[in-house]
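Chain residues, written in single-letter form:
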Amino acid sequence: MRKEVWFGLSLMAATVILVFVLMPPPSQMTNGHLGLLMLAMIVVGIMLGFPTAFTLMGMGVIFGWLAYRSVDPATAVPRVLDLFVQRTYGVMSNDVLIAIPLFLFMGYVVERAQLIDRLFRSLHLATARIPGALAVATIVTCAIFATATGIVGAVVTLMGLLAFPAMLKAGYNVKVAAGAITAGGCLGILIPPSVMLIVYGAVAGVSVVQLYAGAFLPGIMLATLYIGYIIVLAAWKPQLMPPLPESERRVELPSWARAQARHGSNALTGLFRAARGSTDANLPKRTAFGQLLVALLPALFIAGLLGVTYRMATAPEVEVNTAGLIEAGGLVAAPEQEREGSSTGLAEATEPEEKDAGAKEPAEATSDKSAKQPPGAAPVVEAKPTITVAEEKARLAVPLWLWIVFGVAIVGVAFLYFGWNWERFEVFKMLLSSFFPLALLILAVLGSIVFGLATPSEAAAVGGFGGFVLAGIYRFIGNWRGARGGVAWKTAKELGTIVKESSFLTAKTSAMVCWLFVGSGIFSAAFALLGGQEVIERWVLSMELTPVQFMILAQFIIFLLGWPLEWTEIIIIFMPIFIPLLPHFNIDPLFFGLLVALNLQTAFLSPPVAMAAFYLKGVSPPHVTLNAIFAGMMPFMGIQVIALILLYLFPAIGLWLPSVIYK
Amino acid sequence: MQKLLLFVDKVSTFVGQTFSWLIVTLTLLITWEVFSRYVLDDPHAWAFDVQIMMYGTLFMMAGAYTLAKNSHVRGDVLYGFFPPRVQAGLDLTLYFLFFLPGIIAFVWAGYTYAAESWAINEHSNITSEGPPIYPFKTVIPVAGALILMQGIVEIIRCIICLKQGYWPSREEDVQEVDVDKLKAMVHVKDEDIAKLDKFVVAQDHGGARK
């Protein structure tokens, strides 16, 4: 028999043996023990391979009936039916879960926008000089693309088709190449906007908005650690990742740019000259102006950013009436915030728009009344309560830090333009058409959620629409370059297919996730009715763990569960058991959620059930063995564990951003 | 027999796919609502109710479709390695043990729930004069009945598989990771992948020499 079968069977046997050891004889069984039995049965039931949603449903109904029967046999049936349908309706009318199909739809549409090859090519040229360039480009492409789509399988497959051949041809070690692709492909699970965090938020009652703000930096940190590891490894052992040959690094310049390059290597001065018409190259003035404008985009962008910062930093103080301000989502995780809210009552926000946006947030109301302060203002304005009515006041004096920011930005721009040769200009234009639109889409979706301009579902819908527009533009350009006529019609037909396929997939995937919620609704209700939760709580508390020990134990159990189970099952079925234990140990559910998300990411890379490896194996040449892929994933899994430890030791990595934004 | 099974599959698929267009409507509706609220300064009170109903109907009605395409999440540690007869035997047992009690309870409970809602002409209370909510609640028994029907078909499939030793066929559907389509999207052919093999083999030999 296969290794995997033995592995699964032994896990199952371990569960059954554990039940027999821990259970009292049937005569002394209480309802609480029935609850534990139920938990063991669900683990075995899931591993038998029956659709989990229905296993949960059936078990929930049967055990729920048992629980009610022990109270009053006559009314047991109607009561369990009532409970079941109310739980179901709760899932159907859940205003957090509504974001799931919307984000899925956005992901499927972006996946089909045909932009990943463009993205990878331009990033590969942009990173050409860094050691391990192709692997770095792979990670960055994966991070961006996986974040926008959130579909591990598709990202790993696509990168296996695009980046794997490129890396092998360049003489990269098979293991390193495979590791970079599989690790990068899984980043989308953690970096928001991710569906996993919505599911966790819905289960744990933590605001998705805060989870997104919290997971952002850990996600970036993980990607940075991957890239750092690759660069160090490539510098240390160049034979694993040989530098690219000149032919792979060269950027093809258009003819006019080649002509200009003879006059001087700096693209900016060259374009100025051309726009003034002082050179006689075959470059029409209009093109020159257009190119100059493109070249100036970074400067304009930085200038715009500085302008906004200036406005925010020096905006007149406006009093905020906290009574009208209600934070979106459940602020379960904020003892600090509550204290602050009650002691000052009034805090200041410096931007009127910010206040309006906050007030407009729909009533996912909690009773917490806390004011918010935009991040830019935190260092400048002390929070002193004012009694003045909101009115136009003179702008504040420019603080010192703003001057420093200005100086750094200007030096940065100057530095950028100083080294801005024609090749770099060409690479920049390629990035402009591939990297920046997608990055902008993600940042817009994320930004509007995190800064409270839109609810997650609204941002997801607009993001989906944006993805659709993006797909339309890329497909149109692709067709326009390829074919002769009927471009618009062909594009429209392709878009029709994209939308059709995406909506079918969205329907199936959201049905999968949400029916799991329907099943777990009745299951966890039955578990609570039987008192299984209390038995577990008593048992855990009797072990007298310190919070640290509890945290390690919890993460270890989740890691183990990540082997046989999918993340959806772990979060939806098992998180409701962990969450009520958190207050005993003074653990913030928000922080716990971030750790869980990072932890479950590891499960995607841990053999023998790592999905990413199988997707890559499916599209790699026959001599790449599964074992080689697993071996390549190992160092990256190690980095994930390091990231987990880092996040645990320095919770600020995750909690700093939410605390600044939602103070 | 096979014809009847495929017919029920088709009904579930048709219903699921029809309702899956709700996601497009939902995306457009919310996009418009956001635009209307921020730019035109004209929010609609009914928008939230309608959004929730669209979402709920979407996933409920797609349940049978998902079952027909065998896409409900299942623990795949062991199942995939079993021979078809063992798979079918396990599935058959668990369909009777868990699926039928669960879904029959679901339809029954949903029916009484919806009937009460119709009887009192229930309207949403999220906003004043909210839209009627009884059609939305009717979705529960309807979706449950569809799943029950599809489940019976799956039970028959299990029995057929037990008899003949292999699973009866299903109709094709769009897949989340469709390798062939992805290959076409990035213009990679199987020969290209096969050609890469020499690099891997070269590396293996290089490693052996060292």
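Everything numeric in this text was worked out from a predicted model, so none of it was measured.

About the cut-offs
- Residues numbered from 1 in each chain as written.
- Chains lettered and ligands numbered in written order.
- Predicted model: local features only at pLDDT ≥ 70, side-chain atom pairs only at ≥ 80, totals over all residues.
- Heavy atoms only, no water.
- Helix = DSSP H or I, 4+ residues; strand = E, 2+ residues; numbered from the N terminus.
- Buried < 20%, exposed > 50% of the residue type's maximum accessible area, 1.4 Å probe, protein only.
- Contact = heavy atoms within 4.5 Å.
- Areas by Shrake-Rupley, 256 points an atom, 1.4 Å probe, with all protein chains shown as cover.
- 1 Å grid on protein atoms, 1.4 Å probe; cavity = no way out; pocket = protein on both sides within 12 Å on 5 of 7 lines; lining within 4 Å.
- Points joined across faces, edges and corners; volume = space filled by probe spheres on them.
- Core = buried A, V, L, I, M, F, W, Y, C linked by side-chain atoms within 4.5 Å.

Chemist: Just to check I follow, could you spell out the overall build of chain A for this structure?
Modeler: Along the backbone of chain A there are 29 helices and 2 strands. Expressed as a percentage of its 663 residues, the buried residues of chain A come to 57%. Contacts in chain A between residues at least 24 apart in sequence constitute 79% of all its contacts with a sequence separation of at least 6. Accessible surface, chain A: about 27300 Å² in total, of which carbon and sulfur atoms supply 68%.

Chemist: Before we go on, may I ask you to explain helix H25 (residues 567-578) of chain A in this structure?
Modeler: Residue pairs spaced three or four apart in an α-helix point in one direction, given the helix's 3.6 residues per turn. Taking burial as the measure, the 12 residues of H25(A) include 11 buried ones, the bulk of the element. Taken as a whole, H25(A) has its buried residues at A:Trp567, A:Thr568, A:Glu569, A:Ile570, A:Ile571, A:Ile572, A:Ile573, A:Phe574, A:Met575, A:Ile577 and A:Phe578.

Chemist: How should the layout of surface pockets be read in this particular structure?
Modeler: If a probe as big as a water molecule is rolled over the atoms, it shows which places are left empty. All names here are of chain A. In this model, the second largest pocket occupies a volume close to 1200 Å³. Around the second largest pocket, the lining is made up of 34 residues, and of these Leu18, Leu22, Leu39, Trp539 and Ile557 lie nearest the centre. If you list the elements that add at least two residues to the lining of the second largest pocket, you get helix H1 (3-22), helix H2 (31-47), helix H23 (532-542), helix H24 (547-561) and H25.

Chemist: Before we go on, may I ask you to explain the nonpolar core in this structure?
Modeler: Burial of nonpolar side chains together is a common tendency in soluble globular proteins. Core analysis: the largest hydrophobic core is formed by 261 residues, its most contacted members being A:Phe103, A:Leu438, A:Trp515 and A:Phe592. Contacts of A:Phe592, omitting those with residues within four sequence positions, involve A:Tyr200, A:Met551, A:Ala554, A:Gln555, A:Ile558, A:Met575, A:Phe578, A:Leu582 and A:Ile587.

Chemist: Looking at this model, I keep getting lost on unusual backbone geometry. Mind explaining?
Modeler: The peptide bond linking A:Pro192 to A:Pro193 adopts the cis configuration, its omega dihedral lying at 0°. Structurally, the position occupied by A:Pro193 is in the loop between helix H10 (187-190) and helix H11 (195-204). Positive phi values are uncommon outside glycine, yet A:Glu544 reaches one of about 50°. The residue A:Glu544 is located in the loop between H23 and H24 in this model. For A:Glu544, a relative accessible area of 68% corresponds to the exposed category. Even without a glycine there, the phi angle at B:Asn121 is positive, about 55°. Here B:Asn121 is to be found in the loop between helix H4 (84-119) and helix H5 (134-164).

Purely geometric stuff here, so don't read any function into it on its own.
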